[in-house]
Amino acid sequence: MSDTERRAPLDRRRVADAALRLLNEVGLEGLTLRAIARELDVKAPALYWHFKDKQALLDEMATEMYRRMVAGTALDPGETWQECLLRENRALRTALLAHRDGAKVFSGSRFTGLDHARHMEERLGLLTAAGFSLSEAVRATSTTYAYTIGFVIEEQGVQPLPDERREGYDVEERARRMAEFPLAARAGAELFGDYDLHFEEGLQIVIAGIATRYRPGH
């Protein structure tokens, strides 16, 4: 950390930024207020002025991840609802993968500000203009969101960071051990390989299901 960073006023955003940097080194389980205080070169009690507990910190970290994800973006008025859901969930996955345990930090956290409200309003406006009721629009967006969060939690369980792979997830070794179950053995390549391809295919399946279920515009 530079001298300028050390002298900067301690606020919620600065603490969240330090926590996100540290997250890639220690993971969610190793992320403590004491460790973050060391990273910021302050005493741990100073952090409790800003965060009453670890969940409050995770809320701010998720909010900062969201801010970075949407910074400089704007809804294209010519975009279809399918294109909107594809784009936003691709961006969400990219943001989550940028941090070890990023999906776990994001999942279940409560945004601390209203940064998300404008984007939510625009997205729901696009879907309702396309023929969804508000309830259907909420269900469509929350279902694709849940798919993306769940997918990345599983993905990061195997690959904590893009250049890492947990021990025990060698596809060829798995196939050898499960040789007497040929379909299950061959499924390993589908389950634990080419996450980019599998995410895209799954997301498009979900969106196709939304179109079939709600038939907006009909």
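Residues numbered from 1 in each chain as written. Predicted model: local features only at pLDDT ≥ 70, side-chain atom pairs only at ≥ 80, totals over all residues. Heavy atoms only, no water.

Novice: Help me understand the packing of aromatic side chains, please; the structure alone is not making it clear to me.
Specialist: Pairs of aromatic rings are described using the distance from one ring centre to the other and the angle between the two planes. The tally for this structure, following the rule as stated, stands at 10 aromatic pairs. Ring geometry for Phe151 versus Tyr195: centroids 6.1 Å apart, planes at 85 degrees, classification edge-to-face. In this pair, Phe151 sits in helix 8 (residues 134–158) while Tyr195 sits in helix 11 (residues 195–214), placing the two residues 44 residues apart along the sequence. We note that Phe151, like Tyr195, is buried. Geometrically, the ring pair formed by Phe151 and Phe199 is edge-to-face, given 5.4 Å between the ring centres and 65 degrees between the ring planes. Residue Phe151 is found in helix 8, and its partner Phe199 is found in helix 11; the two are separated by 48 residues along the sequence. As far as the burial class goes, Phe151 and Phe199 line up, both buried. Three or more aromatic residues joined by ring pairs form one cluster here, namely Tyr66, Phe106, Phe111 and Tyr145. (Phe/Tyr/Trp six-rings, centres within 6.5 Å; stacked < 30°, edge-to-face > 60°. Helix = DSSP H or I, 4+ residues; strand = E, 2+ residues; numbered from the N terminus. Buried < 20%, exposed > 50% of the residue type's maximum accessible area, 1.4 Å probe, protein only.)

Novice: Is there a simple way to explain the packing of helix 5 (residues 81–97) against helix 11 in this structure?
Specialist: Axes are the key here: two packed helices are described by the angle between their axes and the distance separating the axes. For the pair helix 5 and helix 11, interaxial distance at closest approach is 11 Å and the crossing angle is 145 degrees. By crossing handedness, the relation of helix 5 to helix 11 is classed as right-handed. Of helix 11, the residues touching helix 5 (which contributes Trp81, Gln82, Leu85, Leu86, Asn89, Arg90 and Arg93) are Tyr195, Asp196, Phe199, Glu200, Leu203, Gln204, Ile207, Ile210 and Ala211. By residue class, the composition of the contact of helix 5 with helix 11 is nine nonpolar, three polar and four charged. (Axes fitted to C-alpha atoms, helices over the stretch in contact; angles between N-to-C directions. Left-handed = near helix turned anticlockwise from the far one by under 90°. Contact = heavy atoms within 4.5 Å. Nonpolar A, V, L, I, M, F, W, Y, C, P; charged D, E, K, R; others polar.)

Novice: What is the right way to look at helix 5 in this model?
Specialist: Residues spaced three or four apart along an α-helix face the same direction, because each turn holds 3.6 residues. Taking 1.5 Å per residue as the helical rise, helix 5 with its 17 residues ought to reach 24 Å, and the 24 Å between its terminal C-alpha atoms agrees with that figure. Among the residues of helix 5, Trp81, Cys84, Leu85, Leu86, Glu88, Asn89, Leu92, Arg93, Ala95, Leu96 and Leu97 are the ones counted as buried. (Expected span 1.5 Å × (residues − 1).)

Novice: Explain the UniProt feature "DNA-binding region" (unreviewed entry) in the chain to me, please; I cannot follow it from the model alone.
Specialist: When the UniProt feature table is mapped to this numbering, "DNA-binding region" (unreviewed entry) covers residues 32–51. Within the segment residues 32–51, helix and strand shares are 40% and 0% respectively, and the terminal C-alpha atoms sit 12 Å apart. (UniProt positions renumbered as here; feature names shortened; annotations may be inferred.)

Novice: Sorry, what's going on with the packing of helix 8 against helix 11 here?
Specialist: Where helix 8 contacts helix 11, the two axes come as close as 11 Å, and the packing angle between them is 160 degrees. What the angle tells us is that helix 8 and helix 11 run roughly antiparallel. Crossing handedness for the pair helix 8 and helix 11: right-handed. Residues Glu136, Arg139, Ala140, Thr143, Thr144, Tyr147, Thr148, Phe151, Glu155 and Val158 of helix 8 pack against Tyr195, His198, Phe199, Gly202, Leu203, Val206, Ile207, Ile210 and Tyr214 of helix 11. Within the contact of helix 8 with helix 11, the residues separate by chemical class into 11 nonpolar, five polar and three charged. (Parallel < 35°, antiparallel > 145°, perpendicular 65-115°, else oblique.)

Novice: How do you make sense of the pattern of salt bridges when you look at a structure like this?
Specialist: What the rule picks out here adds up to 19 salt bridges. Asp17 is the partner of Arg21 in a salt bridge, and the nearest nitrogen-oxygen pair spans 2.7 Å. Placement of both Arg21 and Asp17 in helix 2 (residues 12–30) is noted, with a separation of four residues, approximately one turn of the helix. The class for Asp17 is partly exposed, based on a relative accessible area of 27%. For Arg68, the salt bridge goes to Asp17, with nearest N and O atoms at 2.5 Å. Residue Arg68 is found in helix 4 (residues 54–70), and its partner Asp17 is found in helix 2; the two are separated by 51 residues along the sequence. On the basis of relative accessibility, which here comes to 38%, the residue Arg68 falls in the partly exposed class. The structure contains a network of salt bridges with shared partners spanning Arg12, Arg13, Asp17, Arg21, Glu39, Glu60, Glu64, Arg67, Arg68 and Asp115. (Salt bridge = Lys/Arg side-chain N within 4 Å of Asp/Glu carboxyl O.)

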